Amino acid sequence: MFGYRVPAPDEAMLISGGKHGMKGSPFRVVIGHGAFVTPITRKVRYLTLSMQEAEVAEQCVTHQGITLNVRSVIAFKVGNDEESIVNAGQRFLSDQEQMSVLTGRIFAGHLRSIIGSMTVEEIVTERQKLASEVLDGSKAEMAKIGLIVDSLQIQSIDDMGAGYIAAMAAPNNAAIQRQAKIAQAQADQAAAEAQQASARKQAEFARETSVLQAQYKAEIDKAQAEAAQAGPLAQAGATRAVISAQAVLAQQQAELRQQQLVSEVVRPAEAEAERVTILAKADAERTRILAEAAASNNRVALDQLLINQLPLIVKEAAAGLAGANVSVLNGADGLSEIAAGLVSQGLTILDSVRKGMPGQGAPAADNGRVRGQVVPDTTTGSGSSAVAPRG
């Protein structure tokens, strides 16, 4: 719009030629908004409110008389209040660059004054204290010209080749170097110890690995040996089992053979012995009877005597058979046959006795024997025998 002016955000618009500003200032201050300005009767100028800086490089003499070259940087600006803008505008509006020059001169004077009351050691070790005292000393003077200081930084302090600062730092440097050497030695020692520990651990690990490998190899060799012996051991076990079975079988066969021998040899021999005994007894009895008959010469008496002796003969035969292990093959019929056989044998003996008497001829060779045979007892399985008459 024609005649309407707006200042930038970091500027203050100063309008002169009309209504005066506060406290009789020759211009009116407009900040942050626009205003109508009559082109002919009013004049507009702008004052910067942005941040500015000033560098100071000043040779200062300390309380000890040592000259130091001090470099510093000051950051400043025009104050935001209307009074500060009016003060700065009246002094720097026509040449705003003079703000940096004047600020540098003001701070150089205060810097020389404050460093003159301090020692080199205080200046070097307490730079923040130096900056704070310079700010405090220049604050009122800067406010008069409408400026405010945001910060003051001491960039460098140099004794201009006198060597005082270097000498002052020598003990610290020596201590630092000594500490650095000690730290380096400790680091080297720690590194050597770490290397030795690492070497020991590697050796221990190698030893443990070798032991484990040897154990694994021993286990593998043992397993292989056991596997190699498994076949022969199994075969030997099988052979032992076969030999044991053969021994049991041989023992059983020997027992069976023994039973067979008892059945085939011992029992028949016992029966034969009994038969011989019976025949011997019968012969003895016949002899006695013949003797008695010859003495009496009485045949009737002899016959009667033989008849009376017949039960005794049968009884003796039965007693001889009682000692033998005789098995009846056919139950009650078998018992009847045995009894009939014994009676028949007794009659045969009686007949033989009669024929052997004088005038009766010689006895038959087999007339005095108990005829029979021994057969194995298949019903009991114990090797006993049964006697059956042979017609």
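About the cut-offs
Residues numbered from 1 in each chain as written. Predicted model: local features only at pLDDT ≥ 70, side-chain atom pairs only at ≥ 80, totals over all residues. Heavy atoms only, no water. Salt bridge = Lys/Arg side-chain N within 4 Å of Asp/Glu carboxyl O. Helix = DSSP H or I, 4+ residues; strand = E, 2+ residues; numbered from the N terminus. Buried < 20%, exposed > 50% of the residue type's maximum accessible area, 1.4 Å probe, protein only. Pairing = 2+ DSSP bridges. Axes fitted to C-alpha atoms, helices over the stretch in contact; angles between N-to-C directions. Expected span 1.5 Å × (residues − 1). Bend = angle between axes of the 7 residues up to and from the residue. Contact = heavy atoms within 4.5 Å. pLDDT = per-residue confidence, 0-100. Parallel < 35°, antiparallel > 145°, perpendicular 65-115°, else oblique. Left-handed = near helix turned anticlockwise from the far one by under 90°. Nonpolar A, V, L, I, M, F, W, Y, C, P; charged D, E, K, R; others polar. Polar contact = N/O pair within 3.5 Å; in protein donor to acceptor, adjacent residues only side chain to side chain.

Time to look at the pattern of salt bridges. Evaluation of the coordinates by the stated rule reveals five salt bridges. Two residues, Glu58 and Arg112, come together in a salt bridge whose shortest N-O distance is 2.3 Å. In this pair, Glu58 is assigned in strand β6 (residues 52-61) and Arg112 in helix α2 (residues 98-115), connecting sequence segments 54 residues apart. Note on Arg112: relative accessible area 38%, which makes it partly exposed.

Okay, the sheet that holds strand β8 (residues 147-158) next. Ordered in space as β6-β7-β8, the three strands form an open sheet in which the pairing is antiparallel. Strand pairing shows two members of the sheet lacking a second neighbour, β6 and β8, which therefore form its edges. Sheet twist, expressed as the average angle between the axes of neighbouring strands with direction ignored, equals 20 degrees. Of the pairings in the sheet, the one linking strand β7 (residues 67-78) to β8 comprises ten bridges and is antiparallel in character. Residue pairing for β8: Lys77 is matched across the bridge by Ile148.

Peptide bonds are, in most cases, trans, and in most cases residues other than glycine have a negative phi. Phi angles above zero are rare outside glycine, and Met160 is one such case at about 60 degrees. For Met160, the position within the fold is in the loop between β8 and α5 (164-296). The partly exposed category is assigned to Met160, whose relative accessible area is 43%.

The next point concerns helix α4 (residues 127-144). Spanning 18 residues, α4 covers 27 Å between terminal C-alpha atoms, matching the ideal 26 Å at 1.5 Å per step. Maximal helix bending in α4 amounts to about 40 degrees, located at Ser138. Contact partners of the buried residues in α4: α2, α3 (120-125) and β8. Trailing α4 by a residue or two, Gly146 shows a phi angle of about 80 degrees, which is positive.

Following the sequence through the fold, His33 ends up in the loop between β3 (27-30) and β4 (35-36). Taking the C-alpha atoms as reference points, His33 and Ala8, 25 residues apart in sequence, are found 8.9 Å from one another.

The antiparallel open sheet is built from three strands, whose spatial order is β3-β2-β5. What marks the edges here is a single partner per strand, and that holds for β3 and β5 (43-48). Each neighbouring strand pair of the sheet contributes to a mean axis angle of 30 degrees, computed without reference to strand direction. In this sheet, β5 lies alongside strand β2 (residues 11-16) in antiparallel orientation, the contact comprising six bridges.

Let us now look at the confidence of the model for the protein chain. Averaged over every residue, the pLDDT of the protein chain is 77; the share at 70 or more is 74%. Here residues 359-391 is a poorly scored stretch, pLDDT under 50, and it has 57 contacts once near neighbours within four places are set aside; other chains count.

Describing two packed helices takes the angle between their axes plus the distance from one axis to the other. Between α2 and α4, whose axes approach to 9 Å, the crossing angle comes to 130 degrees. As judged from the angle between their axes, α2 and α4 are oblique. Two packed elements cross with a definite hand, and for α2 against α4 that hand is right-handed. For the pair formed by α2 and α4, the contact residues are Thr103, Ile106, Phe107, His110, Leu111, Ile114 and Ile115 on the first element and Leu130, Glu133, Val134, Leu135, Gly137, Ser138, Glu141 and Met142 on the second. Considering only residue class, the contact of α2 with α4 consists of nine nonpolar, four polar and two charged.

Take the side chain of His110 next. Note that His110 resides in helix α2. Side-chain polar atoms of His110 contact the side chain of Glu141, separated by 2.9 Å. Contacts of His110, omitting those with residues within four sequence positions, involve Val134, Gly137, Ser138 and Glu141.

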